[in-house]
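# Working through the structure, step by step
The residues making up each chain are set out below.
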Amino acid sequence: MTIAIALAASVTWGTSDFIAGLLSARLPARTVVTCSQAVALVAISVVVLVIGLPLPPGSWWVWGALGGVAEGAGLLALYTGLARGPMGIVTPIAGLGVLVPVIVGLVQGDPVTVLLGAGILLAIAGGVLASGPEVEGRGEGGDATSILYAVLAAVGLGTAMVCVDLGSRVSGLHTLWAMRIASVGVFLVLAVVLTTRWRLPRRLVPGIIVVGLADLSATALFSAATTRGHLSIAGVLASLYPVTTILLAWLLLRERLRPVQLVGVAAALAGIALIAA
């Protein structure tokens, strides 16, 4: 069940990122992220009001708030890096954020056999390669700071996954709620500081709603996976979302897959098979 739920989280995150990418071609990335996170906050708040009261005791709100801030910072760094450098370099580096939950899980005592270790390494390598790393260099127009932003994105998004795991040990639902409160708060503060002008055409609202609900659902699935199994395994499988995004772009947008991406998809599938075994 851990494997199935974590893979479901990966597919849902990948689908959300695909739709968000389409929206970001028409809207500023900060607008897409802020509005979609606000949709998620409204949705999770309704659920909390219906089935999540009274609030449980414990440190869920601490981990939720930290996770929301880490996620907000990670997303901001990711989009800034993509604006300054080639996606083929920024995305794979940011995807290495999976190492954060893997390392934390191993430190906490997650068992690792030779077969499982090989599966984890294959899945991580496959996810990086499937993102389409540019093996020939950074490309023209790249900013050297884009690599720094990619590293910051990896740390932020990886840390958010760990916080989800820790908070979910008390209450997954309330951890997700605290995360959305914190992330929306961060982006609203940034919008005020940066004097962001809001422009959201009505025809794009359904896409924003889908992105927000899909991202929330993926995080909820990841929370369920970590409570049922080991953080290191759930983290690796859930972080394969770039594979879904790449395949959707190939199927729906007819984008060509480079040989390195095909190798990455195959490696990721092989890693999943070894982990399942």
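If you're wondering where the values come from, they're calculated on a predicted model, not measured in any experiment.

Moving on: the overall build of the protein. Each helix and strand counted, the protein has eleven helices and zero strands in total. Ordered by position from N to C terminus, the α and β elements of the protein give α-α-α-α-α-α-α-α-α-α-α. Relative to a compact globule of 277 residues, whose C-alpha radius of gyration would be 19 Å, the protein shows 18 Å and is just as compact. Considering only C-alpha atoms, the protein reaches an extent of 50 × 45 × 30 Å along its principal axes. When each of the 277 residues of the protein is scored for burial, the buried share is 49%. Of the contacts formed within the protein by residues at least 6 apart in sequence, a portion of 91% connects residues at least 24 apart.

Turning to helix H5 (residues 99-107), its buried residues are Pro101, Val102 and Gly105. The arc that holds the buried residues of H5, viewed along the axis, is 105°, so those residues lie on one side. Looking at H5, the residues exposed on the side facing more than 90 degrees away from the buried face are Ile103 and Val107. Buried residues along H5 sit in contact with helix H7 (145-193) and helix H9 (231-238).

There is about 1,200 Å³ of room inside the largest pocket. Forming the boundary of the largest pocket are 50 residues, of which Asp17, Leu78, Tyr79, Tyr241 and Thr245 lie nearest the centre. Among the secondary structure elements, those contributing two or more residues to the lining of the largest pocket are helix H1 (2-24), helix H2 (29-51), helix H3 (60-84), helix H4 (87-95), H7, helix H8 (205-228) and helix H10 (241-252). Tallying contributions element by element places H1 first for the lining of the largest pocket, with eight residues. Grouping the amino acids of the lining of the largest pocket by side-chain chemistry returns 28 nonpolar, 16 polar and six charged.

Our focus in this paragraph is the pattern of salt bridges. Scanning all chains against the criterion turns up three salt bridges. In this structure, arginine 169 engages aspartate 165 in a salt bridge whose closest nitrogen and oxygen atoms are separated by 2.9 Å. Within this pair, arginine 169 and its partner aspartate 165 are both found in helix H7, separated by four residues, close to a single helical turn. Given the relative accessible area of 3%, aspartate 165 is considered buried. Where arginine 180 meets aspartate 215, a salt bridge forms, and the shortest distance between an N and an O atom there is 3.0 Å. With a gap of 35 residues between them, arginine 180 in helix H7 and aspartate 215 in helix H8 connect regions that are remote in the sequence. Aspartate 215 carries the same exposure label as arginine 180, and that label is buried. It is possible to trace a salt-bridge network through shared partners that takes in Glu71, Arg180 and Asp215.

What counts as what
- Each chain has its residues counted from 1, running along the sequence as written.
- Under the rules for a predicted model, residues below a pLDDT of 70 receive no local features and side-chain atom pairs below 80 are neither given nor counted, while totals for whole chains, interfaces and linings still include all residues.
- To get the side-chain values, all heavy atoms of the structure are used, and hydrogens and water are removed first.
- Counting from the N terminus, the helices are the DSSP runs of H or I reaching at least four residues and the strands are the DSSP runs of E reaching at least two.
- Atoms counted for the radius of gyration: C-alpha only. Globule rule: 2.2 Å times residue count to the power 0.38.
- Buried means the residue's accessible area, taken with a 1.4 Å probe over protein chains only, is under 20% of the maximum for its type, while exposed means over 50%, and partly exposed covers the values in between.
- Contacts are assigned to residue pairs that have any heavy atoms within 4.5 Å of one another.
- As used here, the arc belongs to the directions running from the helix axis to the C-beta atoms.
- Here a cavity denotes a set of grid points, spaced 1 Å apart and computed over the protein atoms alone, in which a 1.4 Å probe fits but from which it cannot get out, and a pocket denotes an open set meeting protein on both sides within 12 Å along at least five of seven lines; residues with an atom within 4 Å of a point are reported as lining.
- Grid points are joined across faces, edges and corners, and a volume is the space filled by probe spheres set on the points.
- Residues are grouped as follows: Ala, Val, Leu, Ile, Met, Phe, Trp, Tyr, Cys and Pro are nonpolar; Asp, Glu, Lys and Arg are charged; all remaining types, including Gly, are polar.
- The term salt bridge refers to a side-chain nitrogen of Lys or Arg lying within 4 Å of a carboxyl oxygen of Asp or Glu.

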